[in-house]
Structures are given as structure tokens and as C-alpha cells.
Amino acid sequence: MRTTHLRRLSAVLLLTLAAACTPPKYASYESINKDYSASVPWGWQVMTDQQDTDFSLTAFIGPFDPDFYLGAPSLSVRWYRRYRPHRLMDGRLEMYSGADDFIKQTLKQVYGPEYVLLKLDGKVSYDNDRQAEVIPEVTLKQSGLKAKGFIVESATPAPEANKWGISAQAGTDKPFVLRKHAYVVVPVEDGFYVLTYPATERGFPNYLDKFAGLMGSFMPRTAGPGGAKIRVPGPKAS
């Protein structure tokens with residue numbers, strides 16, 4: 001009887017230790033400027049680019065996944081101050097009057113002229129001619145703030161040297177990337193945040209739950225780096 005008891009106790013201890021070694025699904029993250037916080041995937045790399053208080057970009061980069069372009073799944077949070085130009089890596093300037101203007105320019109310049117717009121549930125497509133105005137509002141779970149969420153599907157040519165996240169075009173076998181990118185645009189005073197999940201059609205389901213976690217937990221504290229404090233409505237009472 002005593003031996004059996006010890007064996008059972010050892011098994012319980014082993015299970016407890018194994019559970020203790022299992023990493024959590026998410027980690028609490030606060031931006032370097034303390035302008036927002038969110039739950040982000042545990043163990044993903046964090047990279048931040050900030051030129052001034054008018055623009056910032058934080059990318060969360062996951063482990064290698066061959067279904068993603070360059071093998072790198074990621075999520076990101078960007079901040080744009082309204083009417084302030086931001087210089088891109090290729091030297092071009094971008095500037096937006098607000099959240100709707102960002103959506104309109106992004107659809108036209110990044111994905112146009114041919115793309116498919118979907119709701120975040122992926123079930124209903126939109127008329128491309130109507131663009132931003134037909135994208136409905138969603139309510140962020142933790143903050144209670146209103147945002148605009150959508151998914152864009154669009155194909156783009158890919159360098160032949162890249163092996164990951166690439167599809168072959170029917171009839172030509174030319175390499176291309178079938179992009180399936182999710183966006184949540186959160187307007188606040190003096191600007192807006194953009195949460196993105198730039199996936200491929202094949203890889204999109206792999207980390208959609210991570211994007212949902214980021215979206216639901218996103219909590220802006222100020223209107224961008226160094227901006228005015230934000231009062232959020234908070235989650236609605238059930």
C-alpha cells in the first residue's frame with residue numbers, strides 16, 4: 001500500500017512540474033512609449049521603429065512558418081498622427097487625414113486595382129467601389145473603443161528566389177504571393193492606431209487567434225507617443 005501511494009504521488013508531482021513548464025499563450029506588453037498595452041504571443045520577437053511622436057511601428061515576429069512570406073508570421077501595431085507626413089523606407093512619403101483616409105489609400109495603393117474585401121469573420125465580401133464607408137465598426141473587447149476591421153485578399157508577384165509563402169500562378173507557374181491581410185484601425189484623438197496581421201491565404205488560420213488576442217486586449221493609454229491621455233469606455237457589461 002505504501003509503495004503504491006508513493007508511485008501515485010510521484011506521478012502527480014511529475015504532472016505538476018510539466019504543467020509549470022508549459023509557457024503561457026500570451027504575454028502582457030507595454031509599448032516603449034507607454035501609450036498602449038496589449039496581450040501579445042508569448043516568445044515572439046519584438047521590433048520597434050520610431051522616428052518621432054508622429055509615427056511608431058512595433059512588430060511581433062513569430063517562429064518560422066513555411067506558409068508565410070519569407071517564413072515569418074507577424075503581427076504589428078502602428079501609430080499615425082493625422083496630417084503628419086511619414087517617410088517610408090523607399091523614400092516615398094505617406095500622410096493621412098484620419099482612419100478612413102488610411103483605409104482608402106491603403107486599398108488603392110497597396111492592393112489595387114484588384115482585391116477582395118472581407119469582414120473579419122471572412123464570410124461577407126464588400127463592393128470595392130465603396131471601400132472604406134462600407135466597412136462596419138467593431139468594438140474592441142477590453143477597451144470598448146470602436147474600430148474598423150476588415151480583411152484584404154490580393155495576389156502580388158514574388159521574387160523567384162524566395163521559397164516560403166509562395167504559390168504558383170495557374171497556367172504560367174510564375175511565383176506569386178496570395179496575400180490575406182487583416183486590419184483593425186482604431187481612431188483616437190489626433191490620430192489612429194493600425195493593428196495588422198499580414199498573412200497568406202494558406203497561413204491565415206495559423207495565427208488568427210493571436211491576432212484576435214491582440215485586437216481584443218489592445219488598450220491605448222494616450223493618443224500616440226507623448227499624446228493626450230485617453231479615456232476609454234471599457235468593456236460593456238453583460
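All values derive from a computational prediction rather than experimental measurement.

Quick notes on the rules
- Residue indices begin from 1 for each chain and proceed along its sequence in written order.
- Local features in a predicted model are, by the rule used here, given only for residues with pLDDT of at least 70; side-chain atom pairs are given and counted only at 80 or more, and totals for whole chains, interfaces and linings are based on all residues.
- The basis for the side-chain values is all heavy atoms of the structure; hydrogens and waters are excluded.
- Strands are runs of DSSP state E lasting at least two residues, helices are runs of H or I lasting at least four, and both sets are numbered from the N terminus onward.
- We call a residue buried when its accessible area falls under 20% of the maximum for its residue type, exposed when it is over 50%, and partly exposed in between, using a 1.4 Å probe and counting protein chains only.
- Only heavy atoms matter for contacts: two residues are in contact if any of them lie within 4.5 Å across the pair.
- All accessible-area figures derive from a Shrake-Rupley calculation using a 1.4 Å probe, and residue coverage is judged against the displayed protein chains alone.
- Nonpolar cores are built from buried Ala, Val, Leu, Ile, Met, Phe, Trp, Tyr and Cys residues. Side-chain atoms within 4.5 Å join them into one set.
- At least two DSSP bridges between two strands are required for those strands to pair.
- For every residue, the predictor assigns a confidence score, pLDDT, that lies between 0 and 100.
- Any pair of Phe, Tyr and Trp rings, taking the six-membered ring for Trp, is counted once the centres come within 6.5 Å. Such a pair is stacked with planes under 30 degrees apart, edge-to-face with planes over 60 apart, and tilted for the rest.
- The criterion for a charge sitting over a ring is simple: Lys NZ or Arg CZ within 6 Å of the ring centre, and within 35 degrees of the ring normal.
- Here the expected length of a helix is defined as 1.5 Å per residue gap, with one fewer gap than residues.
- Lines fitted to the C-alpha atoms define the axes, with helices restricted to the stretch that makes contact. Angles between their N-to-C directions range from 0 to 180 degrees.

Asker: Explain the overall build of the chain to me, please; I cannot follow it from the model alone.
Answerer: Looking only at helices and strands, the chain has three helices and 14 strands in total. Going through the 238 residues of the chain one by one, you find that 43% of them count as buried. Residue pairs at least 24 apart in sequence account for 55% of intrachain contacts in the chain once pairs closer than 6 positions are excluded. As displayed, the chain offers around 13,800 Å² of accessible surface, 55% of which is attributable to carbon and sulfur atoms.

Asker: I tried to follow the nonpolar core on my own but got confused; where do I start?
Answerer: Soluble globular proteins: nonpolar side chains tend toward being buried together. Counting residues in hydrophobic clusters, the biggest one holds 31 residues, and the most contacted among them are Val 186, Tyr 193, Leu 195, Tyr 197 and Phe 218. The set of elements that each furnish at least two residues to this core consists of β2 (36–41), β5 (74–81), β10 (146–157), β12 (175–188), β13 (191–200) and α3 (208–217). The contacts of Phe 218, once residues within four sequence positions are left out, are Tyr 36, Ser 37, Ala 38, Val 77, Leu 140, Ser 143, Val 186, Tyr 193 and Leu 195. Counting 17 residues, the second largest nonpolar core, distinct from the first, contains Phe 55, Leu 107, Phe 150 and Val 194.

Asker: What am I meant to see in the pairing of strand β3 (residues 45–52) here?
Answerer: Remember that side chains alternate between the two faces of the sheet whenever the strand is regular. Inspection of the sheet shows β3 paired to strand β4 (residues 55–61) by seven bridges, in the antiparallel sense. By the bridge assignment, Gln 50 is partnered in β4 with Ser 56. Counting the residues that bridge the hairpin from β3 to β4 gives two residues.

Asker: Any chance you could explain the confidence of the model for the chain here in plain terms?
Answerer: Close inspection of predicted coordinates is inappropriate for parts of the model with low pLDDT. With 83% of its residues at a pLDDT of at least 70, the chain reaches an overall mean of 85. Per-residue pLDDT stays below 50 along residues 1–19; that stretch engages in zero contacts with residues further than four places along the chain or on separate chains.

Asker: When you look at the pairing of β10 in this model, what are you seeing that I'm missing?
Answerer: Strand direction decides the pairing type here: strand β8 (residues 116–118) and β10, joined by three bridges, are antiparallel. What sits directly across from Leu 117, in β10, is Val 152. Bridge count between strand β9 (residues 137–139) and β10: three bridges; the pairing is antiparallel. Residue pairing for β10: Val 138 is matched across the bridge by Ala 147. Where β9 hands over to β10, the hairpin turn is made up of six residues, of which Gly 144 adopts a positive phi near 80°. Two strands pair when backbone bridges link them, and β10 and β12 are joined in this way by ten bridges, in the antiparallel orientation. For Lys 148, the partnering residue across the bridge sits in β12 and is Val 185.

Asker: Looking at this structure, I do not really get the packing of aromatic side chains. What am I missing?
Answerer: Going through the model one piece at a time under the given rule, you end up with 22 aromatic pairs. Arranged with centres 5.1 Å apart and planes meeting at 85°, the rings of Tyr 29 and Phe 60 form a pair that is edge-to-face. With a gap of 31 residues between them, Tyr 29 in strand β1 (residues 26–30) and Phe 60 in strand β4 connect regions that are remote in the sequence. Neither Tyr 29 nor Phe 60 differs from the other in exposure class; each is buried. Ring geometry for Tyr 193 and Phe 218: centres 5.2 Å apart, planes at 65°, overall edge-to-face. Here Tyr 193, found in strand β13, pairs with Phe 218, found in the loop between α3 and β14 (219–220); they are 25 residues apart in sequence, far enough to count as distant. For the residue pair Tyr 193 and Phe 218, the accessibility class agrees, reading buried in each case. Among the aromatic residues, those joined into a cluster by ring pairs are Phe 55, Tyr 80, Tyr 96, Phe 102, Tyr 111, Phe 150, Tyr 183 and Phe 192. Sitting over the ring of Phe 204, Lys 180 keeps its end group 4.7 Å from the ring centre.

Asker: Please explain helix α2 (residues 99–111) as it appears in this structure.
Answerer: Every α-helical turn comprises 3.6 residues, leaving residues that sit three or four positions apart pointing alike. Between the first and last C-alpha of α2 there are 17 Å, a value that for 13 residues agrees with the 18 Å anticipated at 1.5 Å per step. In this structure, the buried side of α2 is in contact with β5, β8, β10, β12 and β13.

Asker: Please clarify how the sheet that holds β14 should be interpreted in this entry.
Answerer: Backbone-to-backbone hydrogen bonds pair the strands of a sheet. The strands run either parallel or antiparallel. The antiparallel open sheet is built from three strands, whose spatial order is β1-β2-β14. Two strands bound the open sheet, and with one partner strand each, they are β1 and β14. Pairing of β1 with β2, which is carried by five bridges, proceeds in the antiparallel orientation. Directly across from Ala 27, in β2, lies its bridge partner Val 40. Along the sheet face, α3 touches β1, β2 and β14 and points at about 160° away from the line of β2.

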